[in-house]
Amino acid sequence: MAAAVGAAKGGLKRVLLLERLSRLGGILNQCIHLGFGLQYFKEELTGTEYAARYKGVVHERDIEVRTSCFVHTITPQKEITFVCADGEFGVSAKHIVMATGCRERTREMLTVPGTRPAGIFTAGLAQEMVNIYGVMPGKEVVVIGSGDIGLIMARRMTLEGAKVHAVLEILDHLSGLIRNKVQCLDDFGIPLLLEHELLEIFGGDRVEAIRYRNNKTGEQKILPCDTVLFSVGLIPEQDLLIDAGIKPGNGIHLVGNADYIHDYVDAVTREAEKLGESLT
Amino acid sequence: MAKKSAKKFICIICPKCCELETDGTEVTGAKCKRGKEFALQEAVLPLRVITTTIRSEVKEARRVIPVKTACPVPLEDIPQIMRHIKGARISEVPPLGSRIKIRGYSKPIELVVTGE
């Protein structure tokens, strides 16, 4: 959205904004918690409020917005092919800005030993289930990794009535912001176990327990639970370029979390607007 | 100000996460006015805004609508307030920014709709 606004502001005549989902805003739509907008809007907003407010900025500009459009191919000649309910369309552009965000690192990428039962989720997927679909992923929860999404989800699951037994962090320090540890873990008495490593997941149909090790003492423990949430890092989503063997440059740009992982949406907005404005 | 009665907090107002210390009247460590106010309040009664969802009974709409409490509420009351919010149902989809009042423990709980 911000790159499109910047481009329109910078004087580009025809700006097309393609969105895969049915509404604009991306991951902000599932971020119902506060902490957004302090820099950009000078006001503390929830992610959903931030998205709604910025949509207003988009609608003020002459930008063609198309939602529920899935871009499946990009060529080095800057031709885009996308599918939507009306069929398949091609468009060629002078500039392509990839604001595709990021993906979550999953359990498979960590190669955690054990079985493959139901009840293992990335924190962001659990967030979507709870905040968008109103479905609880489980009741007895362990969070792996102390990234911000993991901390936010530890609180969210607690508010919704689940018991969050612990947040395990392999490093000797918190990955997320201290303020999120204070208001998400300390407020609700959820223990943060630093230098603790997940060793194994047990369970047949459903997660039954995990085995973890305190890396300071070497002591191992079994912790019964039915849900494991992974908050173990984000990876920029650049598959469209990688598939086509395209490097950014020559009119193809990466912005926001698709470029590198940002802590604040405000910074992403500013950066994307600036990039948009620089396009001629 | 290393008095015996001094309380230490990490400020949660903004991402600077200042380390605050207060004896109940003065605050050290705060880089802004809001941090000072936070420490003084935190020493007496910690307050938080709850952000959650409320269940909707509208068939065509989403099952849950994001909301926040209209004002900060006592931290210790959060479990109780959450029980009321979880028990509440809305029969029409409220516009973004509108307010919903639901039954609370002693007085009604006012919520602000934060999403569509």
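Rules used in this analysis
- Residues numbered from 1 in each chain as written.
- Chains lettered and ligands numbered in written order.
- Predicted model: local features only at pLDDT ≥ 70, side-chain atom pairs only at ≥ 80, totals over all residues.
- Helix = DSSP H or I, 4+ residues; strand = E, 2+ residues; numbered from the N terminus.
- Rg over C-alpha atoms; globule rule 2.2 N^0.38 Å.
- Buried ≥ 20, exposed ≤ 12 C-beta atoms within 10 Å, placed from the backbone.
- Contact = placed C-beta atoms within 7 Å.
- Nonpolar A, V, L, I, M, F, W, Y, C, P; charged D, E, K, R; others polar.
- Domains from an automatic or database assignment.
- pLDDT = per-residue confidence, 0-100.
- Pairing = 2+ DSSP bridges.
- Axes fitted to C-alpha atoms, helices over the stretch in contact; angles between N-to-C directions.

J.: Got a minute to help me understand the overall build of chain B in this structure?
T.: Scanning chain B from terminus to terminus reveals 2 helices and 10 strands. For chain B, the succession of helices and strands along the chain, N to C, is β-β-β-α-β-β-β-β-α-β-β-β. In terms of overall dimensions, chain B is more spread out than a globule: its C-alpha atoms have a radius of gyration of 18 Å, far above the 13 Å expected for 116 residues. For chain B, the spread of C-alpha atoms along the principal axes amounts to about 60 × 30 × 15 Å. Taking all 116 residues of chain B together, the buried fraction comes to 28%. Considering only residue pairs separated by 6 or more positions, chain B has 40% of its internal contacts joining residues 24 or more positions apart.

J.: Looking at this structure, I do not really get the interface of chain B and chain A. What am I missing?
T.: The figure often quoted for interface size is the accessible area lost as the parts come together. Each partner contributes to the interface: chain B provides 22 residues, whereas chain A provides 19 residues. Every element with two or more residues in the side of chain B that touches chain A is listed here: strand E5 (51-56) and strand E6 (64-69) of chain B. At 4 residues, E5 of chain B tops the list of elements feeding residues into the side of chain B that touches chain A. Of the residues that constitute the side of chain B that touches chain A, the class distribution is 11 nonpolar, 5 polar and 6 charged.

J.: Looking at this model, I keep getting lost on the domain arrangement of chain B. Mind explaining?
T.: Annotation of chain B at the domain level lists domain 1 (7-44) and domain 2 (51-113). Here the C-alpha centroids of domain 1 of chain B and domain 2 of chain B sit 29 Å apart.

J.: Whenever I open this one, the confidence of the model for chain B confuses me. Can you help?
T.: As a general rule, the predicted coordinates of low-pLDDT regions are not to be interpreted in detail. Confidence in the prediction for chain B averages 92 pLDDT; 97% of positions are at 70 or higher. This prediction of the complex comes with two scores: 0.93 for pTM and 0.92 for ipTM.

J.: Is there a simple way to think about the sheet that holds strand E13 (residues 192-194) of chain A in this case?
T.: Within a sheet, adjacent strands bond to each other through the backbone by hydrogen bonds, running parallel or antiparallel. All names here are of chain A. Taken together, the 5 strands give an open sheet; going across it, the order is E10-E17-E11-E12-E13, and neighbouring strands pair in parallel fashion. Bordering the open sheet on either side are strand E10 (120-122) and E13, each of which pairs with just one other strand. For this sheet the average axis-to-axis angle between neighbouring strands, irrespective of direction, equals 20 degrees. Against the sheet, helix H5 (residues 148-159) contacts strand E11 (140-144), strand E12 (163-169) and strand E17 (227-230), and its axis sits at roughly 170 degrees relative to E12.

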